[in-house]
Amino acid sequence: MKTRPLLLALLLALPLFALAQAPSPKAAALVKEIEALERQRFEAQVKKDYAFLEKAFADDLVYTHGDGHENTKAEYIQSIKDGKSQYGKIEVEKLNVRTYNDGKTAVVNGSIFITSPLKPDGSTSVSHLKYVVVQVKNKQGWQVVLWQSQKQAS
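These remarks concern the structure in this document. Positions within a chain are numbered from 1, following the residues in the order the chain's sequence is written. For a predicted model such as this one, the threshold for reporting local features is a pLDDT of at least 70, and the threshold for listing and counting side-chain atom pairs is 80 or more; totals across whole chains, interfaces and linings nevertheless cover every residue. Processing note: side-chain calculations cover all non-hydrogen atoms of the structure and skip hydrogens and water entirely.

**As for the pattern of salt bridges**
Logical step 1: Whenever a carboxyl oxygen of Asp or Glu lies within 4 Å of a side-chain nitrogen of Lys or Arg, that contact is scored as a salt bridge. Under the definition given, this model contains 5 salt bridges.
Logical step 2: The salt bridge involving Glu 38 is made with Arg 41; its shortest N-O contact spans 2.6 Å. With Glu 38 and Arg 41 both in helix H2 (residues 25-47) and 3 residues apart, this pair spans about one turn of that helix. Neither Glu 38 nor Arg 41 differs from the other in exposure class; each is buried.
Logical step 3: Between Glu 91 and Lys 89 there is a salt bridge; the shortest N-O distance is 3.9 Å.
Logical step 4: Using a relative accessible area of 37% as the deciding quantity, one classes Glu 91 as partly exposed.
Logical step 5: Working definition: with a 1.4 Å probe on protein chains only, accessible area under 20% of the residue-type maximum means buried, over 50% means exposed, and in between means partly exposed. With a relative accessible area of 42%, Lys 89 lands in the partly exposed category. A run of DSSP states H or I qualifies as a helix once it reaches four residues; a run of E qualifies as a strand once it reaches two. Both are numbered from the N-terminal end.

**Here we look at the packing of aromatic side chains**
Logical step 1: Working definition: a ring pair exists when centres of Phe, Tyr or Trp rings (six-membered ring for Trp) sit within 6.5 Å. Plane angles under 30 degrees give stacked, over 60 give edge-to-face, the rest tilted. Applying the stated criterion across every chain yields a total of 7 aromatic pairs.
Logical step 2: Only when the NZ atom of a Lys or the CZ atom of an Arg is both within 6 Å of the ring centre and within 35 degrees of the ring normal do we say a charge sits over the ring. The side chain of Arg 41 reaches across the aromatic face of Phe 42, ending 5.0 Å from its centre.
Logical step 3: The ring of Tyr 50 has Lys 81 sitting right over it, with the charged end atom 5.1 Å from the ring centre.

**Some points on the sheet that holds strand E5 (residues 126-138)**
Logical step 1: What makes two strands pair is DSSP finding at least two bridges between them. Ordered by their spatial adjacency, 6 strands build an open sheet running E2-E1-E6-E5-E4-E3, and the pairing between neighbours is mixed. Each having just a single partner strand, strand E2 (70-71) and strand E3 (89-100) make up the two edges of the open sheet.
Logical step 2: Inspection of the sheet shows E5 paired to strand E6 (residues 141-151) by 10 bridges, in the antiparallel sense. Of the residues in E6, the one forming a bridge with Gln 135 is Val 144.
Logical step 3: By the convention used here, residues are in contact when the closest approach between their heavy atoms is within 4.5 Å. Lines fitted to C-alpha atoms define the axes here, with helix axes fitted over just the stretch in contact, and angles between the N-to-C directions of these axes take values from 0 to 180 degrees. On top of the sheet, H2 reaches strand E1 (57-64), E3, strand E4 (105-115), E5 and E6; it is set at about 145° to E3, its chief contact.
Logical step 4: On top of the sheet, helix H4 (residues 73-81) reaches E1 and E2; it is set at about 70° to E1, its chief contact.

**Things to note about the pairing of E3**
Logical step 1: Of the pairings in the sheet, the one linking E3 to E4 comprises 11 bridges and is antiparallel in character. Opposite Thr 99, over in E4, you have Ala 106 as the bridge partner.
Logical step 2: A loop of 4 residues connects E3 with E4, the two strands running antiparallel in sequence, and Asn 101 in this loop sits at a positive phi of about 55°.

**Structural notes on the environment of Gln 152**
Logical step 1: Assignment of secondary structure puts Gln 152 in the segment after E6.
Logical step 2: A relative accessible area of 24% places Gln 152 in the partly exposed class.
Logical step 3: Residues Gln 152 and Phe 113, 39 residues apart in the sequence, show an inter-C-alpha distance of 9.9 Å.
Logical step 4: Of note is the side chain of Gln 152, whose polar atom sits 3.2 Å from the backbone oxygen of Gln 150. Polar contacts, as used here, are pairs of N or O atoms within 3.5 Å; protein pairs need one atom able to donate a hydrogen and one able to accept it. Residues neighboring in sequence count only if both atoms are side-chain atoms.

**Concerning the environment of Ala 106**
Logical step 1: For Ala 106, the location among the structural elements is in strand E4.
Logical step 2: We classify Ala 106 as buried; its relative accessible area is 0%.
Logical step 3: Sequence-wise, Ala 106 and Val 144 are 38 residues apart; in three dimensions their C-alpha atoms are separated by 9.3 Å.
Logical step 4: Excluding its chain neighbours within four sequence positions, the residues that come into contact with Ala 106 are Ile 34, Val 97, Arg 98, Thr 99, Val 133, Val 134, Gln 135 and Trp 142.

Shown next as structure tokens:
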């Protein structure tokens, strides 16, 4: 008898599921584009591709690291040049893109594993981060205006 109310609720909810729409091809293509840009940016951070990073980050970037310290665009790129921010490998574990403002704003959240470059003793360290990125599309193309990350327990 207890299954009847649950069954009735599910049957009543079926029309709502029928109204849900799949994303349009344009929206799906936009999500794929931003996913690719995220992966390209991570690769550029590892390879120290400063030209790509200059384009990928907006001039008013706010970059908040997993330990809470914050950088501007210039400070962050300089920290890679100076070796303060070092990346041996960045692996994407999860990636979720949501678009807003007629496809001109994207909020990305996900989780990554950052492996440090090899140390003199041959060892590395791995950090697991959850992050949120806000990207806007302007005259320069898609640019990151906000990065916020938080280290996860091992």
